[in-house]
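Breakdown of the fold
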Amino acid sequence: MNVSPVRRALSPAAAAASVPPVYLVLVGVVSVQTGSAVAKSLFEALPPAAVVWLRLLTSAVLLGLVVRPALRGCGRGDWAVVVGYGVALAGMNFLIYQAFARIPIGIAVTIEYMGPLAIAILGSRRRIDLLWAALAGLGVVALGAESGALDPLGVLFAVLAGTAWACYILLSAATGQRFSGASGLAIAGAVGAVFLAPAGLAQGGAALLDWRLLLFGLAVGVLSSVVPYSLELTALRRMPPRVFGVLMSLQPAAAALAGLLLLGETLTAWQWLAVACVIAASAGATLGGGRQRGPETGKRVRDPAAPPPD
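Definitions and cut-offs
- Residues numbered from 1 in each chain as written.
- Predicted model: local features only at pLDDT ≥ 70, side-chain atom pairs only at ≥ 80, totals over all residues.
- Heavy atoms only, no water.
- Helix = DSSP H or I, 4+ residues; strand = E, 2+ residues; numbered from the N terminus.
- Buried < 20%, exposed > 50% of the residue type's maximum accessible area, 1.4 Å probe, protein only.
- Contact = heavy atoms within 4.5 Å.
- Areas by Shrake-Rupley, 256 points an atom, 1.4 Å probe, with all protein chains shown as cover.
- Salt bridge = Lys/Arg side-chain N within 4 Å of Asp/Glu carboxyl O.
- Core = buried A, V, L, I, M, F, W, Y, C linked by side-chain atoms within 4.5 Å.

It is worth spelling out the overall build of the protein chain at this point. Along the backbone of the protein chain there are 14 helices and zero strands. Moving toward the C terminus, one meets the helices and strands of the protein chain in the order α-α-α-α-α-α-α-α-α-α-α-α-α-α. Evaluated residue by residue, the protein chain yields a buried proportion of 49% over its 310 residues. Of the contacts made within the protein chain by residues no fewer than 6 positions apart, 86% connect residues no fewer than 24 positions apart. Split by element, the accessible area of the protein chain, about 14,700 Å² in all, is 68% carbon and sulfur.

Below is the structure:
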């Protein structure tokens, strides 16, 4: 009896392909921020550096097994770009987890989102994007109105994470031109895991031998990296990048809701206003940007305001 058609119909890939792409992206958004909330709940038992290292290690191993990137034929320039990409990936995750440890995750993600938003706006020549920049600035002002309630170091870490995110976006484009498929991301994930290993192992110490904490770390890696990345890849094959970017602008709101529901982190009216301003600015800048094309191939590329898979 030939059961291969049945197996194909019941496979995860076939199931995902049958779901409207908008829902796949929204599930990915929820998964990322749920992973952030789970990660923060671990901070009392496991330092942020150890948690983020477990996350990177999980995603690097799974990506490596699935993608199996070819390392032959890479020149020095290729290695320089992909290593920089991996360091940016590790730094972005390390910095935002440091921010999570000090301020609500909804606020941290809102501040961090200024990085990719700045890339999207600065790369545009449309006058209306000045309006979106002003709206994002209003969000910053709204956060500033509550600055006394926020840990300044946590805010600084979130700003640095946004800067690292912007670097990640630029290096992601360069990596995509040098490596086919997801090979560059798989290599960068391994680089990031190696880069953060000293800090993760030193701060985690004996706690990393606790199998229960390791399971939670694995869950963070799956929720924050593996699930959303897989869903995003499937969705992007069936939707315009600008629509994807608009949906990604919901990340700050999803982070705030995850913090509220899973961690009991409440935001003030001014802080919710800041989140709303950043979402509106990101959605507006993405919607008005039209379809973006690669520099030579003419293929559509991922929206620069979209968050990274890791």
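Quick look at the environment of Ala164 now. Along the chain, Ala164 turns up in helix α9 (residues 152-178). Exposure remark for Ala164: the relative accessible area of 12% places this residue in the buried category. As a C-alpha pair, Ala164 and Asn93 span 71 residues in sequence and 8.8 Å in three-dimensional space. When sequence neighbours within four positions are dropped, the list of residues in contact with Ala164 reads Ala88, Gly91, Met92 and Leu95.

Turning next to the pattern of salt bridges. Taken as a whole and assessed by the stated rule, the structure comprises two salt bridges. Residue Lys40 is joined to Glu265 by a salt bridge in which the shortest nitrogen-to-oxygen separation is 2.4 Å. Taken as a pair, Lys40 in helix α3 (residues 21-41) and Glu265 in the loop between α13 (251-263) and α14 (269-287) lie far apart in primary sequence, 225 residues in all. By relative accessible area, Lys40 is classed as buried at 16%. In this structure, Arg212 and Asp210 form a salt bridge, with 3.2 Å as the shortest nitrogen-oxygen distance.

Glancing now at the nonpolar core. Of all hydrophobic cores here, the largest spans 82 residues; its most connected members are Val25, Tyr97, Phe100 and Tyr168. Per element, the largest residue contribution to this core is 11 residues, and it comes from helix α5 (residues 76-100). Those residues in contact with Val25 that lie beyond four places of it in its chain are Ala235, Met239, Phe244, Leu247 and Met248.

Any functional reading would require information that these geometric values do not contain.
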